[in-house]
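# Summary of structural features
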Amino acid sequence: MASAAEQLAANMNVGAFAKATELHKRLWFTFFALIVYRLGTFIPIPGIDAGHFAALFDQQSKGFLGMFDMFSGGAVRNMAVFTLNVMPYISASIIVQLLGTVYPPWEKLRKEGGEAGRKQLNQYTRYLTVALALFQSFGIAVGLSSQPGLVYEPSFIFVPATIAVLTGGTMFLMWLGEQITARGVGNGVSLIIFSGIVARLPGGIGQLLSLAHTGELNGFFLLLIAVGSVGVVAFIVFVERSQRRLLIQYPKRQMGNRMFGGETSFLPLKLNTAGVIPPIFASSLLLMPATAVQFIKPSSWPSWLGWLPGVIGQLQHGQPVFMALYALMIIFFSFFYTSIVFNPDDVAENLRKYGGFLPGIRPGKRTAEYLDYVLTRLTVLGAAYMTIVCLIPEAVMSKLGSSLAFGGTSILIVVTVTIDTWTQIQSHLLQHQYEGLIRKSKLRGGGKRR
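In this numbering scheme, every chain counts its residues from 1 along its sequence in written order. Restriction of local features to residues with pLDDT of at least 70 applies here, the model being predicted, together with a cutoff of 80 or more for giving and counting side-chain atom pairs; totals for whole chains, interfaces and linings are based on all residues. Working from all heavy atoms in the structure, the side-chain values ignore hydrogens and water.

## Remarks on the overall build of the chain
- Only DSSP runs of H or I with at least four residues qualify as helices, and only runs of E with at least two residues qualify as strands; both kinds are numbered from the N terminus onward. Looking only at helices and strands, the chain features 19 helices and four strands.
- Only protein chains enter the accessibility calculation, which uses a 1.4 Å probe; a residue whose area is less than 20% of its type maximum is buried, one above 50% is exposed, and one in between is partly exposed. Expressed as a percentage of its 450 residues, the buried residues of the chain come to 39%.
- When the accessible area of the chain is evaluated, it comes to approximately 25100 Å², of which 65% is carbon and sulfur surface. Only the protein chains shown count as cover for residues, with accessible areas throughout obtained via the Shrake-Rupley method and a probe of 1.4 Å.

Shown next, in the form of structure tokens:
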């Protein structure tokens, strides 16, 4: 027999959506908040020649700056007030998460602090975001002021003004993301990155059509890219929704004359526990050396570094060396980050504390070993899945001989954020229908009493 939640889900339709006024408000709030973000990506910081900077950016667009611009929705190319985007916040969140597993005071807050501990760690994340934004904006300001003809009036005021504008833009986006999470639909920070990537979709399609029009891209190959894109998206949806459910049982307990417990539940383990962090880390580390070298004049290199340009040339999108190192680093970070976000010992201890156990496995150490056994095999599949998804666009780039607007990381982010947002919309609809059923039952009960 279907559960109450399944019955409600089966009854969801357009009529139910039309009656969910609270959901409408949340969707409109999210929509207008993202419009505010997109407008900010076109407002350049004061004091620079935007056209001159765009020309300089086009020369470096295939490296780290190109990837950063992809996540910022074109704000880097425009050198806009939102150039740093929410990347300092994401970096700070990862650092705090890592320290929460190795730094004892923060580990205690994470495990025993409850809601107060979570809020304290979030506050530390905000402080670290400010520090990272100040550091990154200082580097950008100094780099801009050192370029001849780029800054209209290079003076001592330009650097602190640029730092204030870029850091303020990041803090505003962090606040905006928190507001979307609280008053809108979906995760605010993820939706900000999502909207930046999706904003480049028309340009990416136009790039492919332009290549086909000029004859650089075969029409059959263009059709193959379109069909392959649909297949990759379907594959990502299938894997991201895949779970390994471990049966958990709770023993019966007698309190007075009543029996409690004896229930069963499931511990869901995702196939891709690490999310999109591994490809982001891998591509950032690989593209950073190539980007740094491009800012150094070859004439200033010593003679014994004559081999460096050839090596750096292999660390570009679509090159065999880049693809091999990219795959290895994705696999490494998949295992590394999974070990950070999921600790089998902690899960086994929590199960033992609340009386839960896996059938046929002793609580405690044996449960932790079994969880580690299952998680390792899931991570192997998850790492292989991410490697395949991220290397397919690289193979297309090597075939075309040019860069694409979308990489595997972008596709992963867009699909996963879409799935999460749609899931939240469904949960809001279910909540609305459930509250409607409760109101109807109360009205019926009141009528019978009369």
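Next comes the rest of the write-up.
## As for the nonpolar core
- Of all hydrophobic cores here, the largest spans 69 residues; its most connected members are Phe 71, Leu 144 and Leu 412.
- The contact rule is simple, with two residues in contact once any of their heavy atoms fall within 4.5 Å. Apart from residues no more than four positions distant in its own chain, Phe 71 is found in contact with Tyr 37, Asn 85, Met 87, Ile 193, Ile 197, Ile 280, Thr 409 and Ile 413.
- To define a nonpolar core, start from buried Ala, Val, Leu, Ile, Met, Phe, Trp, Tyr and Cys residues and group those joined through side-chain atoms within 4.5 Å. Grouped together as the second largest cluster of nonpolar side chains are six residues, Leu 208, Leu 211, Leu 217 and Phe 221 included.

## Examining unusual backbone geometry
- We note that Met 79 has phi near 45°; this positive angle belongs to a residue other than glycine.
- As for its position among the elements, Met 79 is in the loop between α6 (75-78) and α7 (87-102).
- Positive phi, close to 55°, is recorded for Asn 85, a residue that is not glycine.
- Mapped onto the elements of the fold, Asn 85 is located in the loop between α6 and α7.

## What to know about the packing of aromatic side chains
- Only Phe, Tyr and Trp rings are paired, with Trp represented by its six-membered ring, and only when their centres lie within 6.5 Å; those with planes under 30 degrees apart are stacked, over 60 edge-to-face, the remainder tilted. Applying the stated criterion across every chain yields a total of 13 aromatic pairs.
- Ring geometry for Phe 31 and Phe 32: centres 5.5 Å apart, planes at 70°, overall edge-to-face.
- When the centroid spacing of 5.6 Å and the interplanar angle of 70° are considered together, the rings of Phe 235 and Tyr 385 count as edge-to-face. Here Phe 235 is found in helix α13 (residues 219-240), whereas its partner Tyr 385 is found in helix α18 (residues 365-400), with 150 residues between them in sequence.
- Using a relative accessible area of 33% as the deciding quantity, one classes Phe 235 as partly exposed.
- One aromatic cluster is present, formed by Tyr 37, Phe 82, Phe 172 and Trp 175 through successive ring pairs.

## Let's talk about a nonpolar patch on the surface
- Patches here: salt-bridge-free residues with over 30% relative accessible area, like charges joined within 9 Å, nonpolar side chains (Val, Leu, Ile, Met, Phe, Trp, Tyr) joined within 5 Å. Within this document, salt bridges are pairs made up of a side-chain nitrogen of Lys or Arg and a carboxyl oxygen of Asp or Glu, the two lying within 4 Å of each other. A surface patch of nonpolar side chains, about 540 Å² in accessible area, is lined by Trp 28, Phe 31, Phe 32, Ile 35 and Leu 39.
- Among the structural elements, Trp 28 can be located in helix α3 (residues 21-40).

## Examining the pattern of salt bridges
- What the rule picks out here adds up to five salt bridges.
- Taking the shortest distance from any N to any O, the salt bridge between Glu 178 and Arg 126 comes out at 3.0 Å. With Glu 178 in helix α10 (residues 158-183) and Arg 126 in helix α9 (residues 114-145), the pair connects residues that are 52 residues apart, well separated along the chain.
- The exposure class assigned to Glu 178 is partly exposed, which follows from its relative accessible area of 27%.
- What makes Arg 126 partly exposed here is its relative accessible area of 25%.
- Where Lys 270 meets Glu 240, a salt bridge forms, and the shortest distance between an N and an O atom there is 3.6 Å. Linking Lys 270 in strand β4 (residues 264-270) with Glu 240 in helix α13, this pair joins segments that are 30 residues apart in sequence.
- Among the residues examined, Lys 270 registers a relative accessible area of 36% and is labelled partly exposed.

## Concerning the packing of α7 against helix α8 (residues 104-112)
- Axis geometry follows a simple rule: fit a line to the C-alpha atoms, using only the stretch in contact for helices, then measure angles between N-to-C directions, giving values from 0 to 180 degrees. Where α7 contacts α8, the two axes come as close as 6 Å, and the packing angle between them is 100°. If you check the angle between α7 and α8, you find them roughly perpendicular. When α7 is examined against α8, the residues Val 96, Leu 99, Gly 100, Thr 101 and Val 102 are found in contact with a partner set consisting of Pro 104, Trp 106, Glu 107 and Arg 110.
- Under the scheme applied here, ten amino acids are nonpolar (Ala, Val, Leu, Ile, Met, Phe, Trp, Tyr, Cys and Pro), four are charged (Asp, Glu, Lys and Arg), and all others, including Gly, are polar. Of the residues belonging to the contact of α7 with α8, the class tally is five nonpolar, two polar and two charged. Oblique is the label for every angle not falling under 35 degrees (roughly parallel), over 145 degrees (roughly antiparallel), or within 65 to 115 degrees (roughly perpendicular).

## A word on empty space enclosed by the protein
- Cavity: a set of points on a 1 Å grid over the protein atoms alone where a 1.4 Å probe fits but cannot get out. Pocket: an open set with protein on both sides within 12 Å along at least five of seven lines, its lining residues, like those of a cavity, having an atom within 4 Å of a point. Grid points are joined across faces, edges and corners, and a volume is the space filled by probe spheres set on the points. Considering all chains together, one arrives at one cavity of 30 Å³ or more under this definition.
- There is about 30 Å³ of room inside the largest cavity.
- Taken together, Leu 271, Asn 272, Thr 273, Ala 274, Ser 334, Thr 338, Thr 379, Gly 382, Ala 383 and Met 386 make up the lining of the largest cavity.
- Listing elements by their share of the lining of the largest cavity, those giving two or more residues are α16 (320-341) and α18.
- Sort the elements by how many residues they give to the lining of the largest cavity and α18 lands first, with four residues.
- Along the lines of polarity and charge, the residues of the lining of the largest cavity split into four nonpolar, six polar and no charged.

## Side note on helix α4 (residues 50-59)
- Looking at α4, one finds that the buried residues are Phe 53, Ala 54 and Phe 57. Buried residues along α4 cover an arc of 105° about the axis, so they all sit on one side. Taken from the helix axis, the directions to the C-beta atoms give the arc we talk about.

## Details of the side chain of Thr 421
- Position of Thr 421 among the secondary structure elements: in helix α19 (residues 408-449).
- Accessibility expressed as a relative area gives 16% for Thr 421, which makes it buried.
- Each polar contact in these results corresponds to two N or O atoms within 3.5 Å; when the atoms are within protein, one needs to be able to donate a hydrogen and the other to accept it, and residues that are neighboring in sequence are counted only if both atoms are side-chain atoms. In terms of polar contacts, Thr 421 uses its side chain to reach the backbone carbonyl oxygen of Val 417, at 2.8 Å.
- Those residues in contact with Thr 421 that sit more than four places away from it in its chain are Val 185, Gly 186 and Leu 191.

## Looking at the confidence of the model for the chain
- Known as pLDDT, the predictor's per-residue confidence is scaled from 0 to 100. Here the chain averages 80 in pLDDT, and 80% of its residues register 70 or above.
- Mean pLDDT values over the elements of the chain span from 47, in helix α1 (residues 4-10), up to 92, in α10.
- Low confidence marks residues 1-9, where pLDDT is under 50. Its contacts with residues over four positions away, or in another chain, come to eight contacts.

## Some points on the environment of Thr 129
- Mapped onto the elements, Thr 129 comes out in helix α9.
- Thr 129 sits in the buried class, given a relative accessible area of 0%.
- With residues near it in sequence (within four places) discarded, Thr 129 still touches Pro 88, Tyr 89, Ala 92, Thr 170, Met 171 and Met 174.

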